[in-house]
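Fold and contact review
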Amino acid sequence: MELSGKNVCYVGGFGGIGIASIKVFLTKSIANLYILDLLENQELLESLRKQFPKTNIYYEKFDITSSNCIKNTLDKVIYTIRNIDVFVNGAGVLWEDKVEEMIAINLTGLINTTKAVRNIMDKSKGGKGGIILNIASLAGLASFPCLESYCATKHAVVGFTKSLSNQSVFEKTGISMITLCPGCTETPILNNLTNLEAYKVQPVDVVGEYLVKCVEIEKNGGIYLIDDSVGREIEQNPYYLN
Ligand SMILES: NC(=O)c1ccc[n+]([C@@H]2O[C@H](COP(=O)([O-])OP(=O)(O)OC[C@H]3O[C@@H](n4cnc5c(N)ncnc54)[C@H](O)[C@@H]3O)[C@@H](O)[C@H]2O)c1
């Protein structure tokens, strides 16, 4: 997708990967950026508005675990910017000791948000199509000891996103579904990792760059891994293809 003039909505835009990604989106002359996050960052918001005056940048406090919040917030987003071309689901937590709460954010919240935004973007329902990119993880493709429940949520995000990329569904909706699986990345989420020395940690900026590249490639069903600062598309076993 050529991003110039487009509208981007980013859930988790004030997290580590979120900030790195929105900074790259803003260099692409997008028309509107809508940041949805539980976290507020007025200082960064003001500084981005000064740095990128040609893009309208909005923020709304957002809790992905609340269905009411998802509905009311998306109504407000559409009222303000009319249309979403690119939607990124980038909220997530690593809480092995709070499994239900983690599932509510990483999985149930992502599913509910994706479904709600698909209703808006779906061409067969009057929308314009576009791209939804869901952030899973390397932990959605591989197993990690001591992160078993986090791995489960991220494997589920891969399966959910892949299911929605079915070709016949895409032809109806015009929505490309993309999965991004970052490896260990330097962000605040790592504060919850006890054995960090066991992982290779990549800088967050390379993930932001790669996320936007995946959007520009716009391949429905694409699953991308970025680990140790190297990005590549994951070849899918034909057994699993649509
Ligand atoms: N950093 C890594 O090593 C890594 C690796 C693979 C995948 N990921 C995934 O990338 C995504 C971004 O993580 P990050 O590394 O930037 O971590 P982060 O902690 O910096 O950012 C997470 C963001 O999610 C938001 N969030 C948390 N709960 C929320 C809720 N209930 N409603 C709305 N927003 C909420 C937070 O406010 C924060 O902005 C997550 O899905 C994470 O699982 C991270």
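Let me sum up the structure you'll find in this document. (Residues numbered from 1 in each chain as written. Predicted model: local features only at pLDDT ≥ 70, side-chain atom pairs only at ≥ 80, totals over all residues.)

1. Some remarks on unusual backbone geometry
At Ser 29, a position not held by glycine, the phi torsion is positive, near 55 degrees. Relative to the helices and strands, Ser 29 is located in the loop between helix H1 (16-26) and strand S2 (32-37). The residue Cys 146 is not glycine, and still its phi comes out positive at about 80 degrees. Examined against the element boundaries, Cys 146 turns out to sit in the loop between strand S5 (130-135) and helix H5 (148-164). (Helix = DSSP H or I, 4+ residues; strand = E, 2+ residues; numbered from the N terminus.)

2. Observations concerning the nonpolar core
Grouped together as the largest cluster of nonpolar side chains are 54 residues, with contacts concentrated most on Cys 9, Tyr 10, Ile 35, Leu 133, Leu 180, Leu 211 and Cys 214. Examining the composition of this core, we find that six residues originate from one element, helix H7 (residues 204-217), more than from any other. Apart from residues no more than four positions distant in its own chain, Leu 180 is found in contact with Leu 133, Ile 135, Ala 136, Leu 211, Cys 214 and Tyr 224. (Core = buried A, V, L, I, M, F, W, Y, C linked by C-beta atoms within 7 Å. Buried ≥ 20, exposed ≤ 12 C-beta atoms within 10 Å, placed from the backbone. Contact = placed C-beta atoms within 7 Å.)

3. A few points about the sheet that holds strand S7 (residues 223-227)
An order of S3-S2-S1-S4-S5-S6-S7-S8 is seen for the eight strands of this open sheet, with the pairing classed as mixed. Looking at the sheet topology across the chains shown, the edges are occupied by strand S3 (56-61) and strand S8 (230-233). Geometrically, the sheet is characterised by an average inter-axis angle of 15 degrees between neighbouring strands, direction not taken into account. Pairing of S5 with strand S6 (residues 175-182) involves six bridges; the strand directions are parallel. Each bridged residue has a counterpart across the sheet, and for Leu 133 the counterpart in S6 is Ile 178. In the packing of helix H3 (residues 67-81) onto the sheet, the strands contacted are strand S1 (7-11), S2 and S3, and the crossing angle to S2 comes to about 165 degrees. (Pairing = 2+ DSSP bridges. Axes fitted to C-alpha atoms, helices over the stretch in contact; angles between N-to-C directions.)

4. So, the site of the ligand
Near the ligand lie 27 residues; those nearest to it are Gly 15, Gly 16, Gly 92, Thr 187 and Ile 189. Sort the elements by how many residues they give to the shell around the ligand and H1 lands first, with three residues. In terms of residue class, the shell around the ligand is built from 15 nonpolar, ten polar and two charged. (Near = placed C-beta within 6 Å. Nonpolar A, V, L, I, M, F, W, Y, C, P; charged D, E, K, R; others polar.)

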